[in-house]
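# A structural walkthrough
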Amino acid sequence: MRNAIGGLAFLLFFSSFAAATCSPFLSVTVDRQAEVTQGADAIFLLQIRNTGSATQAITVSSQCPGGLQCGFPDAGNPSYVVPGETKLMHLRVVTTNAEAGNYSIPLQITSDIQCVEEPIVLLSVRPASTSPTPPPSASLAASIAPGEDIATQPGRKTTFTIFVENTLAQTQFVAASATGNSFAANAVLLPTEFEMAPHEKKSVAVELTVPAGTPGGLYDTLFRLKGTSSSGNIYNVDLPVRMFVYASNLFLRFSSLPDAKCLPVFHGATASREFDLINSGGITGPFTAELRAGDDLYPALKLSETKFEAANGETVNLRVDASPKALLAPGTYYYTFFVRYLDNTALRYDDCINVKAATGIEGFSDEQYQVLRGSVTQVSLRVANNGSVAGDFALEYNPSPASGIELSINPNAFRLSPSQATDLTITVQAGRNAPLGTLRVPLTLRSPNITRAFSLNLNVISDNRTSPLQVANNRFAVFEGSPTQVAVRVVNTGTQLLDAVQLIIEGLPRQWVHVDSGPKDLPAGKEGEFLVTFDIPPGSSQTTSKVIPFAIYATSGLESVREDAAIDLFQSVRDLQFSVSDVRQTSIGGTVREVSLDVTLRNAGNVAVNGIRPSTPYSSEYVINTDYGQVSLGPQQTQTVTLTIAPTADSPSQDVFLRFASDDGTQVTKQVKLPAMSASTDNSVFWKVIAIVLLIVAIFAAMNRQVE
C-alpha cells in the first residue's frame, strides 16, 4: 500500500506544475507526504507565491478523512498576498483518534481571481507500538537499517542492510528487488536470490545511488522480498524507504495555455498550437521536448524545438505544427506534449486535433451567443468554401422550435468560389416572453451538393428592462470609520412567486460590505428588505472619491437584475456636548451632603456615540453615582440624565471639571460650579462605646439584685 502511495506522491510532485489551474497568476508548492506515529501531529508546508500583478485573497481548506483533525493554524482565510510575495502556511493534521494506515487528504487553495488549486497530500500513520513487519504468523519477517528517512545529494551512494527471517518450518526461496522511482534501477542488492532453511536468518546488502542531475525533492523507493515456500505459496514483504534529495528544484510551468478546444486543421493545410513556458525553478536544463501520438497521427506532427535551456525567470515559446495528409481519415486525434529533464517529467499537456476533409463548407461551431431578453442582438458568422468547386448556398431557418425567438439572416443566399468566404449577419430578436437559459435554434444550409443541419446556440439572459425584479433604492450615505446598516428594497413586479431571491454586491472591497440577510421568497407584487452593512475604514475619504460607484444584483434562479448604485462617503464627525439644566441639594442638619444634576447630553456629530459615562478627571474629592448605566446616542440625538455627586472630604473644591466620555474616545469636559458641601461623618465608633457602657451598667444592676 505504501508503495502505491509513494509512487502517487512522486507523480503528484512533478505533475502539479502542469495541472495548476491558477497558473500563471499563482504558484503553489505543497509538501506531498508525511509519516507519523499514532497520536503525533503531522505538519505539511504550503508555499503560495503571487506571480500575478494584483493582490490576491487566498483561502485554504481541506477534506479531512474520518479519525483525523485538519486545520490551518496560520492561515487568515482569506490571507492577502501581494504581487511577488510568498506566503507560508501549514496544514496541521492531528492523529490522536486515527487508526494506523495510509490517508489521502485533498486540499483546496482558492484565489479571488476565480481559480482553484486542488493538490492532494498523503499521510502514513504508524501504530503507536510497532509490530513485526510482517506479523510473526506470516512467512517472512524483515526489517531495514537505517529505517528512518535519508537525506542525500545527486551522485552520492547510500547503503542499507535488509534483515530477513524465515518464520516457517519449511524451506523458502527468496528474491529481493527495488522499485518505486526513476533511480531505483540503480540499486544493487547482494544477494538478489537466495535459499533460506526453516527459521534461518540472513541479510541483504543494498547500495542505492542517486543519479547525477536528479532534481531536489522527496523520493520513495520500495525494497520487495518475494518468498516462495516448498508448498508453493508466495509471500511478499515491502520495505519502503523515503529519501530527500538536496539539490536545485525542478519547476518548469506554463505561463499560458491554449484553449481547451481541439485544434482544427484541414487536409493539406497546417495549423499550429503555441505553448509558452517559464522556468521558475533552479534547474536551467537542458530540457527535452517531445510529442507522443499514435502511428497514424505522429507523422503529421512537428515540434518547433526539441532541446532548449532556460534560466530562472526566462520564458520559452514552443510550437506544435499539425499538417495532416489526405490519407489521414477525418476525425479527432489525441497526442501528448512532454517536457523532460533527464528522466524526470517537468511538464505534460494532453491535446487533440480535429482533422477535416478539404471539401464542403466551414464556419459554424458550437460557440454560444449571449442574448438579452426583450432586445435585438446581431450575430456575425463567417462562412468559407473549403472545397474545390464553386457553389450556391442558402441558409434557412425554421422558427417553430424556438419559442419567443425570431431570426433574420442577411444574406440568406450567396455564392462562394473555392477558398472564398463571406460574412453572414443573423439578427436575433428575443421577445419579452422568451425563456431564459440555453436555446438551440435549428438552421439548415443547403446547396445543390450539400445539406447540413446545425444549431445556433443562444443563451438568453434577463436584463433590467424585462426582469420582474427591481431594486428600489440605490444611493446610500455612509460615514467612514463607523459601520452603517442600510435596507435595500427589492420588489417583485411580476405575477409569479420568485423564490430564494438573493442580493449580491459587486465593485467594492470585500471587507467594506456584508449582506446580512439571506435569500427571501418574494410573492407577486411584494417587496423584501435586505440588510447591508457598509464598514469603510477611517481615512478613506482622503484617498477615495466622495462618491463610490458599485453594482447591486438581485437574482432568483436565472432571473436577475443589475442596478448601478453609489455610496456618498462622508468624513466621520464626532462631537459630544452637554449642559447642566438643574441642580438640587440634599442637606442634613443644615449641611449639604450631596447634589443631583440634570444634565442634557447631545450628540452633535454625524456618527453614533456609544457607552457614554461621566467622571471627574481632575479631582478625587467627589464620587459620581448614576441610575442609568451607560448612554448611547445616534447622530443629532439628545438625552437628559441625572447624576448624584457627593464629596469624599470636608470642604472640597467647588469648581469641578465634569467629563463625559464614550467607548470610542469621544469626550467633552466642562467646569461645573458646585455648592459648598461636607462629607458625611462616620459615628459608628461613638455608638459602639455607648453600647458597651450600657451593657456594663446592666451587668452591675443584675449582680446587685442577686445580693439583695
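Residues numbered from 1 in each chain as written. Predicted model: local features only at pLDDT ≥ 70, side-chain atom pairs only at ≥ 80, totals over all residues. Heavy atoms only, no water.

## A short note on the overall build of the protein
Looking only at helices and strands, one finds three helices and 54 strands in the protein. Looking at the protein as a whole, 40% of its 708 residues qualify as buried. For the protein, the proportion of contacts with a sequence separation of at least 24, taken over those separated by at least 6, is 67%. Of the roughly 36,000 Å² of accessible surface on the protein, 51% is carried by carbon and sulfur atoms. (Helix = DSSP H or I, 4+ residues; strand = E, 2+ residues; numbered from the N terminus. Buried < 20%, exposed > 50% of the residue type's maximum accessible area, 1.4 Å probe, protein only. Contact = heavy atoms within 4.5 Å. Areas by Shrake-Rupley, 256 points an atom, 1.4 Å probe, with all protein chains shown as cover.)

## Remarks on the pairing of strand β39 (residues 475-479)
Of the two faces of β39, only the one carrying Phe476 and Val478 is buried; Arg475, Ala477 and Phe479 on the other face are not. Pairing of β39 with strand β46 (residues 559-570) involves five bridges; the strand directions are parallel. Along β46, the bridge assignment pairs Phe479 with Phe570. (Pairing = 2+ DSSP bridges.)

## As for the sheet that holds strand β18 (residues 217-229)
On the basis of which strands lie adjacent, the open sheet formed by five strands has the order β12-β19-β18-β14-β16 and mixed pairing. In this open sheet, the two strands that pair with only one neighbour each are β12 (150-152) and β16 (193-196). Each neighbouring strand pair of the sheet contributes to a mean axis angle of 30°, computed without reference to strand direction. Both β12 and strand β19 (residues 234-245) contribute to a ladder of three bridges, which runs parallel. Residue pairing for β19: Thr152 is matched across the bridge by Val245. (Axes fitted to C-alpha atoms, helices over the stretch in contact; angles between N-to-C directions.)

## Some details on the nonpolar core
Side chains of nonpolar character tend, in soluble globular proteins, to be buried together. Counting 33 residues, the largest nonpolar core has Leu277, Phe308, Tyr335, Phe337, Val339 and Ile353 as its most contacted members. Not counting residues up to four positions away in its chain, the partners in contact with Val339 are Leu252, Leu277, Phe287, Thr288, Ala289, Phe308, Asn344, Thr345, Ala346 and Leu347. (Core = buried A, V, L, I, M, F, W, Y, C linked by side-chain atoms within 4.5 Å.)

## Structural notes on the pattern of salt bridges
Counted under the stated rule, the structure contains 22 salt bridges. Asp238 is paired through a salt bridge with Arg224; the nearest N and O atoms lie 2.7 Å apart. Note that Asp238 is positioned in strand β19 and Arg224 in strand β18, a separation of 14 residues in sequence. Since its relative accessible area comes to 31%, Arg224 is described here as partly exposed. As a salt-bridge pair, Asp564 and Arg562 come within 2.4 Å of each other at their nearest N and O atoms. For Arg562, a relative accessible area of 36% gives the class partly exposed. (Salt bridge = Lys/Arg side-chain N within 4 Å of Asp/Glu carboxyl O.)

## Section: the sheet that holds strand β30 (residues 368-372)
What the five strands build is an open sheet, ordered β30-β37-β36-β32-β34; its pairing is mixed. Of all the strands in the sheet, just β30 and β34 (413-416) have a single pairing partner and so form its edges. The sheet shows a mean angle of 35° between the axes of neighbouring strands, taken without regard to direction. Note that β30 and strand β37 (residues 451-461) share five bridges and pair parallel. What sits directly across from Leu372, in β37, is Ile461.

## What about the side chain of Asn492?
Structurally, Asn492 is set in strand β40 (residues 484-492). At 3.0 Å, the side chain of Asn492 and the backbone oxygen of Leu522 are in polar contact. Beyond its immediate stretch of four places on either side in the chain, Asn492 contacts Pro468, Leu497, Leu498, Leu522, Pro523, Ala524, Gly525 and Lys526. (Polar contact = N/O pair within 3.5 Å; in protein donor to acceptor, adjacent residues only side chain to side chain.)

## Quick word on unusual backbone geometry
With an omega of -5°, the peptide bond running from Leu190 to Pro191 counts as cis. With respect to the helices, strands and loops of the structure, Pro191 is situated in the loop between β15 (188-190) and β16. With an omega of -5°, the peptide bond between Asn410 and Pro411 qualifies as cis. Turning to its location among the elements, Pro411 is positioned in the loop between β33 (405-410) and β34. At Ala500, a residue that is not glycine, the phi angle is positive and equals roughly 55°. Its location among the elements puts Ala500 in strand β41 (residues 498-506). One non-glycine residue with positive phi stands out, namely Gln636, at about 65°.

## Brief notes about the state of the cysteines
For the structure on display, the rule yields three disulfides. Residue Cys22 pairs covalently with Cys115 via a disulfide, S to S 2.1 Å. With the S-S dihedral at roughly 105°, the linkage between Cys22 and Cys115 falls on the right-handed side. Remark: Cys115 occurs in strand β9 (residues 115-117) and Cys22 occurs in the loop between α1 (2-15) and β1 (26-30); sequence separation between them is 93 residues. Since its relative accessible area comes to 1%, Cys22 is described here as buried. Here Cys115 falls in the buried class, since its relative accessible area comes to 8%. Each sulfur in the disulfide pair Cys262 and Cys352 lies 1.9 Å from the other. Its torsion about the S-S bond being -90°, the disulfide of Cys262 and Cys352 is classed as left-handed. With Cys262 in the loop between β20 (252-256) and β21 (263-266) and Cys352 in strand β28 (residues 344-356), the pair connects residues that are 90 residues apart, well separated along the chain. A residue is classified by how much of its surface remains accessible, and Cys352, at 8% relative accessible area, is buried. Should the bonded cysteines of the protein be numbered as they appear in the sequence, the pairing reads 1-4, 2-3, 5-6. (Disulfide = S-S within 2.5 Å.)

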